[in-house]
Amino acid sequence: MKQAVRQWLLGCVLAGPGVALAAAVLQGIVVQNEERGQPLANVAVSAPGTNDTVSRNDGTFALAFPNAKPGGSVTLALQRSGWEVVNHIESTLNLPAESAAQRVRFIWRTQAGF
């Protein structure tokens, strides 16, 4: 019996690192016109290898990358009719080591300007 428990525990320890790896998660917020602008809801956010989502009423979104590791490069696509992203250069970035450690911020304006 003790031998079986030891083998089971050893199996858990050896399998643990592979099982414990969670998806890399990127959190962000979409705001209007300036760095501290009002949140913008219903912006479609997507990237290869992740779930597609839309920004919530508070402008926030989260993307899980189940097959990516922290530090990996991703390119986000954001879209909302009548709006354009101002800081689109920041749409290619590295996944953070911790999802709460970094929150990417996208600034939007109407396509007609401010």
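Here the structure is shown first, and the text comes after it.
Cut-offs and rules
Residues numbered from 1 in each chain as written. Predicted model: local features only at pLDDT ≥ 70, side-chain atom pairs only at ≥ 80, totals over all residues. Heavy atoms only, no water. Pairing = 2+ DSSP bridges. Helix = DSSP H or I, 4+ residues; strand = E, 2+ residues; numbered from the N terminus. Axes fitted to C-alpha atoms, helices over the stretch in contact; angles between N-to-C directions. Buried < 20%, exposed > 50% of the residue type's maximum accessible area, 1.4 Å probe, protein only. Polar contact = N/O pair within 3.5 Å; in protein donor to acceptor, adjacent residues only side chain to side chain. Contact = heavy atoms within 4.5 Å.

Student: Looking at this structure, how should I read the sheet that holds strand β7 (residues 83–85)?
Tutor: The pairing of strands in a sheet comes from backbone hydrogen bonds and takes either a parallel or an antiparallel form. Strand order across the open sheet formed by 4 strands is β4-β1-β9-β7, with mixed pairing between neighbours. Where the open sheet ends on each side, the last strands, each with one partner, are β4 (60–65) and β7. On average, each strand axis in the sheet is inclined to that of its neighbour by 30°, with strand direction left out of account. Two elements, strand β1 (residues 24–32) and β4, share 6 bridges in a ladder whose sense is antiparallel. Bridging across to β4, glycine 28 finds its partner in phenylalanine 61.

Student: Can you help me understand unusual backbone geometry in this one?
Tutor: For residues that are not glycine, phi is negative in most cases, and the peptide bond is trans in most cases. Within the chain, asparagine 33 stands out as a residue other than glycine whose phi angle is a positive 70°. The exposure class assigned to asparagine 33 is partly exposed, which follows from its relative accessible area of 36%. Non-glycine residue asparagine 42 carries a positive phi angle of around 65°. Here asparagine 42 shows up in the loop between β1 and β2 (44–46).

Student: Just to check I follow, could you spell out the sheet that holds β2 for this structure?
Tutor: If you walk across this open sheet you meet the 3 strands as β3-β2-β6, and the pairing is antiparallel. Each having just a single partner strand, β3 (53–54) and β6 (77–79) make up the two edges of the open sheet. Relative to β6, β2 is paired through 3 bridges, and the arrangement is antiparallel. Within the sheet, the bridge partner assigned to alanine 44 lies in β6 and is glutamine 79.

Student: I tried to follow the side chain of threonine 60 on my own but got confused; where do I start?
Tutor: With respect to the helices and strands, the residue threonine 60 is situated in strand β4. The class for threonine 60 is buried, based on a relative accessible area of 7%. Here aspartate 58 takes part through its side chain, which lies 2.6 Å from a polar atom of the side chain of threonine 60. What threonine 60 contacts, discounting residues up to four positions off in sequence, is Gly28, Ile29, Val54, Ser55 and Arg103.

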